[in-house]
Amino acid sequence: MNILHVSAECYPVAKVGGLADVVGALPKYQNRIGHTAAVIMPYYKTSWVEHANGTIVFCHDLVIEGKTYFSEVIDVDNELGFPLFVVRITELTDRKNVYGYEDDSLRFVAFQRVALQWVLSLKRKLDIIHCHDHHTGFIPFMMQHCPEFDSLMKVPTLLSIHNAQYQGNFPHDMVGMLPRFRESDLGLLDWYGDINPLAAAIKCAWRVNTVSPSYMMELQEKANGLEGLLREEKLKCVGILNGIDAETWNPATDNYLIKNYSIRTRAKGREANKKAICDEFGLDASKPLFGFIGRLVWEKGADLLPEIIDTVLKQHDINIILLGSGSPEVERQLEELKTTYKGRYNAHIGYEERMSHQVYAGADFLLMPSRVEPCGLNQLYSLRYGCMPIVRRTGGLKDTVVDIGDGGNGICHDQTSVWDVVYSIERASLFYKDKKAFSANQKQMMEIDHSWENAAGTYASLYEEMIPKKVTIKK
Ligand code: ADP
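This is a predicted model, so every value here is computed, not measured.

**Side note on the overall build of the chain**
- When you go through the chain residue by residue, the secondary structure sums to 16 helices and 17 strands.
- In terms of overall size, the chain behaves like a compact globule, its C-alpha atoms giving a radius of gyration of 23 Å where 475 residues would be expected to give roughly 23 Å.
- Overall, the C-alpha framework of the chain stretches about 70 × 55 × 45 Å when taken along its three principal axes.
- Going through the 475 residues of the chain one by one, you find that 58% of them count as buried.
- Accessible surface, the chain: about 19,900 Å² in total, of which carbon and sulfur atoms supply 52%.

**Quick look at the sheet that holds strand β14 (residues 345-349)**
- Within the open sheet, the six strands sit side by side as β14-β13-β12-β15-β16-β17. Their pairing is parallel. Because the sheet does not close on itself, it has two edges, and the strands there are β14 and β17 (411-413). Neighbouring strand axes in the sheet, compared pairwise and without regard to direction, differ in orientation by 15° on average.
- Where strand β16 (residues 388-392) and β17 come together, three bridges link them in parallel fashion. Bridge pairing in β17 places isoleucine 390 opposite isoleucine 411.
- In the packing of helix α10 (residues 328-340) onto the sheet, the strands contacted are β12 (289-296), β13 (319-326) and β14, and the crossing angle to β14 comes to about 140°.

**Overview of the nonpolar core**
- Grouped together as the largest cluster of nonpolar side chains are 63 residues, with contacts concentrated most on Phe290, Leu322 and Tyr345.
- At seven residues, helix α14 (residues 418-433) tops the list of elements feeding residues into this core.
- Residues contacting tyrosine 345, with those up to four places away along its chain left out, are Leu283, Ile309, Leu313, Ile320, Leu322, Leu334, Leu337 and Lys338.
- Counting 62 residues, the second largest nonpolar core, distinct from the first, contains Val13, Ile64, Ile139 and Val155.

**Observations regarding the packing of α14 against helix α15 (residues 435-447)**
- Remark: α14 packs on α15, axes separated minimally by 5 Å, with the N-to-C direction vectors making an angle of 105°. Considered as vectors, α14 and α15 are oriented roughly perpendicular to each other. Here α14 contributes Phe431, Tyr432 and Lys433 to the contact with α15, which in turn contributes Lys435, Ala437, Phe438 and Asn441.
- Here the contact of α14 with α15 is built from residues that sort into four nonpolar, one polar and two charged.

**Quick notes on the site of the ligand**
- Around the ligand, the surrounding shell holds 20 residues, and the nearest of these are Lys15, Gly18, Asp21, Arg295 and Lys300.
- Among the secondary structure elements, those contributing two or more residues to the shell around the ligand are α1 (18-32), β12, β13, α11 (353-362) and α12 (378-384).

**Topic: the side chain of histidine 134**
- In this fold, histidine 134 is placed in the loop between β6 (128-132) and α4 (138-145).
- The exposure class of histidine 134 is buried, given its relative accessible area of 15%.
- For histidine 134, the side chain forms a polar contact with the side chain of histidine 135, separated by 3.3 Å.
- Each residue touching histidine 134, except ones within four places of it in the same chain, is listed here: Tyr166, Gln167, Gly168, Pro197 and Leu198.

**Digging into the sheet that holds strand β3 (residues 54-64)**
- Across the sheet, which stays open at both edges, the nine strands sit in the order β3-β4-β5-β2-β1-β6-β7-β10-β11 with mixed pairing between neighbours. Across the chains shown, the open sheet's two edge strands, defined by having one partner strand only, are β3 and β11 (237-239). The sheet shows a mean angle of 20° between the axes of neighbouring strands, taken without regard to direction.
- Strand contacts of α1: β1 (2-6), β2 (36-42) and β6, with the helix running at about 155° to β2, the strand carrying the most contacts.

Calculation criteria
- Residues numbered from 1 in each chain as written.
- Predicted model: local features only at pLDDT ≥ 70, side-chain atom pairs only at ≥ 80, totals over all residues.
- Heavy atoms only, no water.
- Helix = DSSP H or I, 4+ residues; strand = E, 2+ residues; numbered from the N terminus.
- Rg over C-alpha atoms; globule rule 2.2 N^0.38 Å.
- Buried < 20%, exposed > 50% of the residue type's maximum accessible area, 1.4 Å probe, protein only.
- Areas by Shrake-Rupley, 256 points an atom, 1.4 Å probe, with all protein chains shown as cover.
- Pairing = 2+ DSSP bridges.
- Axes fitted to C-alpha atoms, helices over the stretch in contact; angles between N-to-C directions.
- Contact = heavy atoms within 4.5 Å.
- Core = buried A, V, L, I, M, F, W, Y, C linked by side-chain atoms within 4.5 Å.
- Parallel < 35°, antiparallel > 145°, perpendicular 65-115°, else oblique.
- Nonpolar A, V, L, I, M, F, W, Y, C, P; charged D, E, K, R; others polar.
- Near = heavy atom within 4 Å.
- Polar contact = N/O pair within 3.5 Å; in protein donor to acceptor, adjacent residues only side chain to side chain.

Printed below as a string of structure tokens:
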């Protein structure tokens, strides 16, 4: 199958969260099982992009509301395991960050329009266009309802929802950014009085998937206003659990680690990594180390972290390390606690790929008190690195982490509350004292296979279902 992934993020080109990890790995695994998968994404001024070389393969003058933007598609030389195309548009794409600009709606609409113009120019027909999240949500609509893309009408589209909290909606008076379509189709773009690209994609994509089965169920109850739509469209929706790139995330070869280790050498390897990260953060490596990595936002339960840290460190002799950025108020509180608990708690407020790998390899436990977790990759990396996840039973966390009390390998709680998390930390601290059971659990966690191989096959089966079959009538 000839597959094109359209995405705002792709690791290592530009990453904000798990979306990048998925788009940076799934096509590679699809190519390995015999498909041809490529990625197209916007151009950003990240250091990866600035150090890359490429060839311009397509140019287009994009006209949006009377203004012309010069655009080009660049085929970027890479060793990622799939062809990578970036879309560069004058004024709109040469930015350092992926999101967070006032004209984000215009940027992503322009990106999608150029991407589809380029698709029109391709000699080899695509079998599937796989769209990821709201930034690419107008593509299924444009392919079905904009006359300039009529010839793409029969190409199946899949929408993967990595996070339904973010929907990219904007007021109707900006709808002129889209190419011409019949007025009667306007309703397909609308959701409760706004133009909503995620809603449009749920309505227009041939199939829709979320990144875990439990998240699919949860979204039908609560989806930031889209629950009714997801219930209506449930027959075309399915949950497919993400995998991990088991090559990038392999403690035996990970270049970010101080010492590489395998299941057999985990004790020494993890000890060295724990010491290194503790030294860097001024913590005591002889104490149990709890880590948190992630965006400091409500969905991740980050607002509760300051109180959790304060409560638990008042009562227990453990260490906590935190890596993340997000809400300025949470950042401020987490910074303040550094002085109160110097030597027992420390944080890096920011995004640092290297540190995240070292925390998975060095921390004994990883905290994930998420309120919403579409799949969650942190717990999968943490299992692979032998770091015990402590999770709230929600979304993908529910699908991938089973409590030790129920025969699993992690610690689970039901609510995102300070007391649930503190109680789980207390259970973890007790478990940590049983060195034999703790080490046996590390071995079991590291043996679990969450690599993309399985999930790549599941996506292929879903694509197969979508591709129209040729019917031959026997005479
Ligand atoms: P989400 O996409 O909702 O942020 P996921 O669990 O799906 O959450 O993916 C998070 C990814 O981002 C993981 O690869 C995690 O290691 C990484 N990550 C999150 N915050 C940071 C940070 N501050 N520094 C480094 N990596 C981070």
